[in-house]
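Spelled out, the chains give:
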Amino acid sequence: MPPKPVGPLRRLIPVVFVLVLVAGLFTISRLPSASAADRRAMASQFAFTEMPIALPPGLPQRTIRTVNPKYEHIRSWISSVGAGVAVNDLDGQGGANDLCLVDPRSDSVVVTPAPGGGARYAPFVLDPAPLPMGPAIAPMGCTPGDFNVDGRTDLLVVYWGRTPVVFLQTGNAAGLSLASYHPVELIPQQQTTDGRYRGPLWNTNATAVADFDGDGRPDIGIFNYFPDSQVLDAQGLPNVQMNHSMSRAQNAGGAHILRWTAATAGAEPSVTYEAQSAIDPRYATGWTLASASADLDGDLLPELYLANDFGNDRFFHNVSAPGRIRFALAEGRRGPLDPKSLVVGHDSFKGMAVDFADLRGSGRFDAFVSNITESWGLEESNFVWQNTAANPQEARERLSKGIAPFENKASAKNLAWVGWGWDVKMADFDNSGRLVVVQSCGFVKGTVNRFNWLQELAASNDLMLREPDMWPNAQPGDDIAGSNALAFWAPEDNGRYVDLSPQLGLDDRTPTRGIAVGDTDGDGRQDFAVARQWGPPAYYHNTKAQVGDFLGLRLHRPALAAATGNDARTPAYGAQARVTTADGRTQLAQLDGGGGHSGKRSFDLFFGLGDQGATPVTVELSWRDLDGVQHQQTLPLSAGWHDLTLTDRAQELTTP
């Protein structure tokens, strides 16, 4: 007997079932979002006034870079990075009220006072002369630090087209000006007679400065993006290339770990670094856009995270000893329900930035990684790597087995999607003890949406990607996520975050890159500066009248004996402070020597205390001295600013 024909309604039953199931799962999984009223109430906790940043007069105002002929049809893509900003105490006056700005419109590195503090000196451009340069070289980032350990703040500048330059402050400088700095090569080069640079063609987009080997001196990680080639040379050789994969590219410029070995102070200061074979070459050639370091296991040897574009990020356990820097790969462990790309070291995403902080107030460092999360474009996910180790001892046990103690919580915290993400900084702007996440966004600004071309590229064969000719046009007028606004993620009481950028007037639609955070006027309220790609930089002054109490720590070590002056002090790189309030809340912070994409926070450690009043907080300090010996001391400190010198003990400086 032939089977009965299936009616049209019965044929639709499987389709209807699937649609109902998907709709039900979406309803169940969809997390509630803050209402407009909730957003207004949350926004009332913050207030910022945008102020212009003073620049030297007469600088060019370009909007695109000159590039290698092989890159001409994608010159907007090649021109999408380079804006950076750092905040620190450059003039030695005791407050982090100076900016080092990298402006791609003029390919200049500008030192300028933070707005609002008066014209203490005229803004000026750092000039590396008499070091050799050339027209196919452009600065990409500026990192403040005391690199010769003489008690004065220097500037490390990285470039596309050459190796880095260290601008060392001279011992006889009066005030702050171009004459205050003596430029030296980070990587020694042969002298040229015509002033043209002919050294290695590094193309750097990420730096990390920390005491990696525990000897009390600042070591440097330099992480290059493009392979060593003439990226910005209009007459360059046609041997340039792009990434050979969208998800596992490893043909980039490579990682360079440099250990501090010697320095001098005075009118012509110097510093010497030596290259270390610190990272297994198998993991050292990702397209790195950002790096950051933090000590997870309590030995004051900071671990290292590399955020790599086009493939696997890398996290390394620090297994160094004084005089020898070494990093061992550590990766996350995948559970049965974990997508591979949401596990540390296994992702296929486009890592753009990374920052370490105690995001939850747990007394442990978490990490935020910024990725490309553009809806209807490349919707990947940011990472919020939540530290799963109960304490440093457990972290050490797991790291020694090559296990990274992190799991991703970005979606649960509503921090997974923002657009085309770039730099990120976690900071407390209302002194509540809860950190905000500030994230820069946007790629190429134009008038014609070209994401369809990018989608085609992302779906193409990896064998084609390495050749620039196979890439679709990205030229002036083309737009790829060009209208993303800066994100200001504030915490709700339920553990989720809300982007309050529109409510706070921070939603300018110019693509942004570097973010620098610091209390530039010393009023106990943190401010921040933002570098914009092909737009004027912006400074956001924290003007909230009513904020909680705070604890601010400026941690130093004595400078080397070669420095002039017996009271010279240098940043205590890697020092940590664990603060416990009277109600039992704990916060952890470190003196960050410089990490992220192209934005660098100040050296100050800043803790929001809420309504602490006159009750002191308990501060547990951990540090290494200039002999590399570890120390720990617990102090009761009142709210406000404290300057401490760390030797074999912590001693507070008092002003007469």
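You'll find the protein chain entered in an unreviewed UniProt entry as ASPIC/UnbV domain-containing protein, with Micromonospora lupini str. Lupac 08 given as the organism.

**Student:** Can you break down the layout of surface pockets residue by residue, with the values?
**Tutor:** One number sums up the size of the largest pocket: a volume of about 710 Å³. Asp 89, Gly 92, Gly 94, Gly 151 and Thr 153 are, among the 30 residues lining the largest pocket, the residues nearest its centre. Among the elements of the structure, strand S31 (549-558) and strand S32 (569-571) are those that each provide at least two residues to the lining of the largest pocket. For the lining of the largest pocket, the per-class residue count stands at nine nonpolar, 12 polar and nine charged. A domain split of the lining of the largest pocket shows at least three residues from each of domain 1 (53-542) and domain 2 (549-652). Taken as a whole, the second largest pocket holds about 450 Å³ of empty space. Every residue lining the second largest pocket is counted, 26 residues in all, and those nearest its centre are Pro 135, Ala 136, Ile 137, Leu 232 and Asp 233. For the lining of the second largest pocket, the class distribution of residues is 12 nonpolar, eight polar and six charged.

**Student:** Which residues make up the UniProt feature "domain: ASPIC/UnbV" (unreviewed entry) in the protein chain, and what values do they have?
**Tutor:** Per the UniProt annotation, the sites labelled "domain: ASPIC/UnbV" (unreviewed entry) are residues 572-635. The distance separating the terminal C-alpha atoms of residues 572-635 is 17 Å; by composition the span is 0% helix and 50% strand.

**Student:** For the pairing of strand S7 (residues 154-160), give the residues involved together with the corresponding values.
**Tutor:** Most of S7 sits inside the fold, with seven of its seven residues counted as buried. Of the two faces of S7, the one carrying Asp 154, Leu 156, Val 158 and Trp 160 and the one carrying Leu 155, Val 157 and Tyr 159 are both buried. In terms of strand pairing, strand S6 (residues 138-145) meets S7 through seven bridges, oriented antiparallel. In the sheet register, Pro 139 faces S7, and the bridge partner there is Tyr 159. With three bridges joining them, S7 and strand S8 (residues 165-169) adopt antiparallel strand pairing. Directly across from Leu 156, in S8, lies its bridge partner Val 166. Taken together, S7 and the strand that follows it, S8, pair antiparallel across an intervening segment of four residues, in which Gly 161 is found at a positive phi of about 105°.

**Student:** Outline the environment of Gln 526, listing residues and values.
**Tutor:** With respect to the secondary-structure elements, Gln 526 resides in the loop between strand S28 (512-518) and strand S29 (527-532). Judged by its relative accessible area of 8%, Gln 526 is buried. Contacts of Gln 526, omitting those with residues within four sequence positions, involve Phe 48, Ala 427, Asp 428, Phe 429, Val 517, Gly 518, Asp 519, Asn 542 and Phe 606. At 3.1 Å, the side chain of Gln 526 and the backbone oxygen of Asp 428 are in polar contact.

**Student:** How would you summarise the domain arrangement of the protein chain if you had to cite specific residues and measurements?
**Tutor:** Entries for the protein chain in the domain assignment read domain 1 (53-542) and domain 2 (549-652). Taking only C-alpha atoms, the centre of domain 1 and the centre of domain 2 are 24 Å apart. Counting from both sides, the interface comprises 73 residues of domain 1 and, opposite them, 47 residues of domain 2. Regarding the contact of domain 1 and domain 2, the summed buried area is about 4,300 Å², with carbon and sulfur atoms giving 49% of it. Summed over the three residues of domain 1 that lose the most area to domain 2, namely Leu 300, Phe 365 and Asn 431, the buried surface amounts to 14% of that side. Linking domain 1 with domain 2 are one salt bridge. Salt-bridge contacts for Arg 601 lead to Asp 355; the nearest nitrogen and oxygen are separated by 3.0 Å. Put simply, the parts of the chain that give the side of domain 1 that touches domain 2 at least two residues each are strand S2 (84-88), S6, strand S10 (204-210), strand S14 (287-294), strand S18 (353-357), strand S22 (421-427) and S28. Of the residues belonging to the side of domain 1 that touches domain 2, the class tally is 30 nonpolar, 26 polar and 17 charged.

**Student:** Any chance you could break down the nonpolar core for me, citing the residues and the numbers?
**Tutor:** If you look at the biggest cluster of nonpolar residues, it comprises 78 residues, and the most contacted ones within it are Trp 77, Ile 78, Trp 420, Leu 553, Leu 555 and Leu 621. Counting residues per element, this core draws most heavily on strand S37 (residues 617-624), at four residues. Residues in contact with Leu 621, not counting those within four places in the same chain, are Leu 553, Leu 555, Gln 576, Ala 577, His 631, Gln 632, Gln 633, Leu 635, Leu 644, Leu 646 and Ala 650. Leu 296, Ala 367, Leu 399 and Val 424 belong to the second-largest nonpolar core, a separate cluster that totals 38 residues.

**Student:** Lay out unusual backbone geometry in plain terms, naming residues and giving numbers.
**Tutor:** Note that the residue after Ala 129, namely Pro 130, is joined by a cis bond; omega there is 15°. Looking at the element boundaries, Pro 130 is found in the loop between strand S5 (124-125) and S6. Backbone geometry at Val 149 places phi at a positive 55°, although glycine is not the residue there. Relative to the elements of secondary structure, Val 149 occurs in the loop between S6 and S7.

**Student:** Please provide a residue-by-residue account of helix H4 (residues 392-400), values included.
**Tutor:** Where H4 starts, the residue carrying a side-chain oxygen 3.2 Å from the main-chain nitrogen of Gln 393 turns out to be Asn 391. A positive backbone phi angle near 80° is found at Gly 402, which sits one or two residues after H4.

**Student:** Any chance you could break down the state of the cysteines for me, citing the residues and the numbers?
**Tutor:** A complete count under the given rule lists one disulfide for this structure. Across a sulfur-sulfur distance of 2.0 Å, Cys 100 and Cys 142 are joined as a disulfide pair. Of note, the bridge from Cys 100 to Cys 142 carries an S-S torsion of about 100° and is right-handed in sense. With a gap of 42 residues between them, Cys 100 in strand S3 (residues 98-103) and Cys 142 in strand S6 connect regions that are remote in the sequence. Classification of Cys 100 by relative accessible area gives buried; the value is 1%. The exposure class assigned to Cys 142 is buried, which follows from its relative accessible area of 2%.

**Student:** Tell me about a nonpolar patch on the surface, and please be specific about residues and values.
**Tutor:** On the surface, a cluster of nonpolar side chains totalling about 330 Å² of accessible area is made up of Leu 463, Met 464 and Met 470. Its location among the elements puts Met 470 in the loop between helix H6 (462-465) and strand S25 (478-479). On the accessibility criterion, Met 470 (43% relative accessible area) is partly exposed.

**Student:** Explain the side chain of Asp 98 residue by residue, including any values.
**Tutor:** Structurally, Asp 98 can be placed in strand S3. Within the structure, the side chain of Asp 98 is placed 3.3 Å from the backbone nitrogen of Asp 91, a separation counted as a polar contact. There is a polar contact of 2.7 Å between the side chain of Asp 98 and the side chain of Tyr 121. Excluding its chain neighbours within four sequence positions, the residues that come into contact with Asp 98 are Ala 86, Val 87, Asn 88, Asp 89, Leu 90, Asp 91, Thr 112, Pro 113, Ala 114, Arg 120, Tyr 121 and Leu 176.

**Student:** Break down the sheet that holds S22 for me, with residues and values.
**Tutor:** Working definition: the strands of a sheet are paired by backbone hydrogen bonds and lie parallel or antiparallel to each other. In space, the four strands of this open sheet follow the order S22-S23-S26-S27, with antiparallel pairing throughout. Each end of this open sheet is capped by a strand with a single partner; those strands are S22 and strand S27 (497-499). On average, each strand axis in the sheet is tilted by 25° relative to the strand beside it, whichever way the strands run. Judged from the five bridges that link them, S22 and strand S23 (residues 436-441) form a sheet pairing that is antiparallel. If you follow Gly 421 over to S23, its bridge partner there is Cys 441.

**Student:** Lay out the pattern of salt bridges with the relevant residues and their values.
**Tutor:** Scanning the entire structure with this criterion turns up 31 salt bridges. Ionic pairing is found between Asp 107 and Arg 65, a salt bridge with its closest N-O pair at 2.6 Å. Pair noted here: Asp 107 is in the loop between S3 and strand S4 (108-113) and Arg 65 is in the loop between strand S1 (48-52) and helix H3 (75-78), with a separation of 42 residues, a long-range link. By relative accessible area, which is 26% here, Asp 107 ends up partly exposed. When its relative accessible area of 5% is taken as the criterion, Arg 65 is described as buried. Among the salt bridges present, the one from Asp 280 reaches Arg 282, with a minimum N-O distance of 2.8 Å. Accessibility expressed as a relative area gives 55% for Arg 282, which makes it exposed. A network of salt bridges, in which partner residues are shared, links Arg 62, Arg 65 and Asp 107.

Rules behind the numbers
Residues numbered from 1 in each chain as written. Predicted model: local features only at pLDDT ≥ 70, side-chain atom pairs only at ≥ 80, totals over all residues. Heavy atoms only, no water. 1 Å grid on protein atoms, 1.4 Å probe; cavity = no way out; pocket = protein on both sides within 12 Å on 5 of 7 lines; lining within 4 Å. Points joined across faces, edges and corners; volume = space filled by probe spheres on them. Helix = DSSP H or I, 4+ residues; strand = E, 2+ residues; numbered from the N terminus. Nonpolar A, V, L, I, M, F, W, Y, C, P; charged D, E, K, R; others polar. Domains from an automatic or database assignment. UniProt positions renumbered as here; feature names shortened; annotations may be inferred. Buried < 20%, exposed > 50% of the residue type's maximum accessible area, 1.4 Å probe, protein only. Pairing = 2+ DSSP bridges. Contact = heavy atoms within 4.5 Å. Polar contact = N/O pair within 3.5 Å; in protein donor to acceptor, adjacent residues only side chain to side chain. Buried area = accessible area lost by both parts, 1.4 Å probe. Salt bridge = Lys/Arg side-chain N within 4 Å of Asp/Glu carboxyl O. Core = buried A, V, L, I, M, F, W, Y, C linked by side-chain atoms within 4.5 Å. Disulfide = S-S within 2.5 Å. Patch = residues over 30% accessible without salt bridge, like charges linked within 9 Å, V, L, I, M, F, W, Y side chains within 5 Å. Areas by Shrake-Rupley, 256 points an atom, 1.4 Å probe, with all protein chains shown as cover. Axes fitted to C-alpha atoms, helices over the stretch in contact; angles between N-to-C directions.

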